[in-house]
Amino acid sequence: MNFLAHAYLSFNDPALTIGNMVADFVKGKQISLYEEDVQHGIRMHREIDHFTDHHPLTREARQLFRPSCGLYGAVFIDVVYDHFLARDPQRFTNESLALFSQSVYRLLEERRSSLPDVFLQVFHFMRTHDWLYNYSSREGIFQSFTGITRRAQHLEVPSTVPFAVFENHYAELEHYYKGFFPDLEAFVRGLKV
């Protein structure tokens, strides 16, 4: 999953949110540098990613991107799932998504001194361009895809290629999200990290 889902699945717990947001930037034994409750969030993030990657619906959804994007399909699916989460009326309204996004940014800013330097570089762009809120729009997804294709070392296609897959299979991708996300949320609620 991508940033919005990890923040949402922290269920408004500040330490879990911090851990969930920085987990990709904490390698190996670096986890011991964090307070126990933040470590729980880091472990939760990893459990979420494992569950997502191995869920049959995610594997099927990934196949839509595979012909043009290869293994990067997994990265694009994470962003796509955030799009549908942001637009999911059972979880967010437009207003509550905006408030939630700002609350996550405030929390991260308040804990800035304890966050990994590499994450802080990403956070600057996340907050400046309001990634969490902008996942709700097609333009926001296009911008996310542009960032992925720009940073990807082994992906030789422009962002218009995965974005075309997103547009052309929109209803199908939404169907995958609707089948998958309740399973993920139930799994996370049952975690003992």
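Just so you know, these numbers come straight off a predicted model, no measurement behind them.

A. How the structure looks around the nonpolar core. Residues Leu4, Phe65, Phe119, Phe145, Leu173 and Phe181 are the most contacted members of the largest nonpolar core, which totals 62 residues. What Phe65 contacts, discounting residues up to four positions off in sequence, is Gly70, Gly73, Phe76, Ile77, Val80, Phe145, Pro162, Val165, Phe166 and Leu173.

B. Focus on helix H11 (residues 170-189). In this model H11 runs 28 Å from its N-terminal to its C-terminal C-alpha over 20 residues, within 8% of the 28 Å that 1.5 Å per residue would give. The largest bend along H11 reaches roughly 30° and is located at Phe180, with the proline Pro182 sitting one to four residues downstream. For H11, the set of buried residues is Tyr170, Leu173, Tyr176, Tyr177, Phe180, Phe181, Leu184, Glu185 and Val188. Where H11 is buried, its residues touch helix H1 (3-8), helix H3 (36-54), helix H4 (56-69), helix H5 (73-86), helix H9 (138-151) and helix H10 (160-168).

C. Just the pattern of salt bridges, in detail. Across all of its chains, the model carries nine salt bridges by this definition. Between Arg91 and Glu185 there is a salt bridge whose closest N-O contact spans 2.9 Å. One end of the pair, Arg91, is in the loop between H5 and helix H6 (94-110); the other, Glu185, is in helix H11, with 94 residues separating them in the sequence. Between Glu185 and Arg189 there is a salt bridge, and its shortest N-O distance comes to 3.2 Å. Of the two residues, Glu185 and Arg189 are both situated in helix H11; the distance of four residues between them amounts to about one turn of the helix. Here Arg189 falls in the exposed class, since its relative accessible area comes to 54%. One network of salt bridges, in which partners are shared, links Asp88, Arg91, Glu185 and Arg189.

D. Fine view of the confidence of the model for the protein. In the predicted model, the protein carries a mean pLDDT of 94, and 98% of its residues have values of at least 70. Highest mean pLDDT in the protein belongs to H6 (98); lowest belongs to H9 (93).

E. Just the environment of Arg59, in detail. Examined against the element boundaries, Arg59 turns out to sit in helix H4. The exposure class of Arg59 is partly exposed, given its relative accessible area of 44%. Sequence separation between Arg59 and Leu4 is 55 residues; the distance between their C-alpha atoms is 20 Å. Beyond its immediate chain neighbours, meaning those up to four positions away, Arg59 contacts Asp53 and His54.

F. Fine view of the packing of H4 against H5. Close contact between H4 and H5 brings their axes to 8 Å; oriented N to C, the two are set at 120°. With respect to H5, the axis of H4 lies oblique. Where H4 crosses over H5, the two elements pack in a sense that is right-handed. Residues Leu57, Thr58, Ala61, Arg62, Phe65 and Cys69 of H4 form the contact with H5, whose participating residues are Gly73, Ala74, Phe76, Ile77, Val80 and Tyr81. The residue inventory of the contact of H4 with H5, partitioned by class, reads nine nonpolar, two polar and one charged.

G. Looking closely at the packing of aromatic side chains. Applying the stated criterion to the full structure yields 23 aromatic pairs. The interplanar angle of 70° and the centroid separation of 4.7 Å between the aromatic rings of Phe76 and Phe145 together place this pair among those described as edge-to-face. Taken together, the residues Phe76 in helix H5 and Phe145 in helix H9 connect sequence positions 69 residues apart. This pair shows no difference in class: Phe76 is buried, exactly as Phe145 is. Between Tyr81 and Tyr177, the ring centres sit 6.3 Å apart and the planes meet at 55°, which makes this aromatic pair tilted. Taken together, the residues Tyr81 in helix H5 and Tyr177 in helix H11 connect sequence positions 96 residues apart. For the pair shown, Tyr81 and Tyr177 are each scored as buried. Above the plane of the ring of Tyr170 lies Arg138, whose end atom (NZ or CZ) is 3.9 Å from the centre.

Conventions and cut-offs
Residues numbered from 1 in each chain as written. Predicted model: local features only at pLDDT ≥ 70, side-chain atom pairs only at ≥ 80, totals over all residues. Heavy atoms only, no water. Core = buried A, V, L, I, M, F, W, Y, C linked by side-chain atoms within 4.5 Å. Buried < 20%, exposed > 50% of the residue type's maximum accessible area, 1.4 Å probe, protein only. Contact = heavy atoms within 4.5 Å. Helix = DSSP H or I, 4+ residues; strand = E, 2+ residues; numbered from the N terminus. Expected span 1.5 Å × (residues − 1). Bend = angle between axes of the 7 residues up to and from the residue. Salt bridge = Lys/Arg side-chain N within 4 Å of Asp/Glu carboxyl O. pLDDT = per-residue confidence, 0-100. Axes fitted to C-alpha atoms, helices over the stretch in contact; angles between N-to-C directions. Parallel < 35°, antiparallel > 145°, perpendicular 65-115°, else oblique. Left-handed = near helix turned anticlockwise from the far one by under 90°. Nonpolar A, V, L, I, M, F, W, Y, C, P; charged D, E, K, R; others polar. Phe/Tyr/Trp six-rings, centres within 6.5 Å; stacked < 30°, edge-to-face > 60°. Lys NZ or Arg CZ within 6 Å of the ring centre and 35° of its normal.

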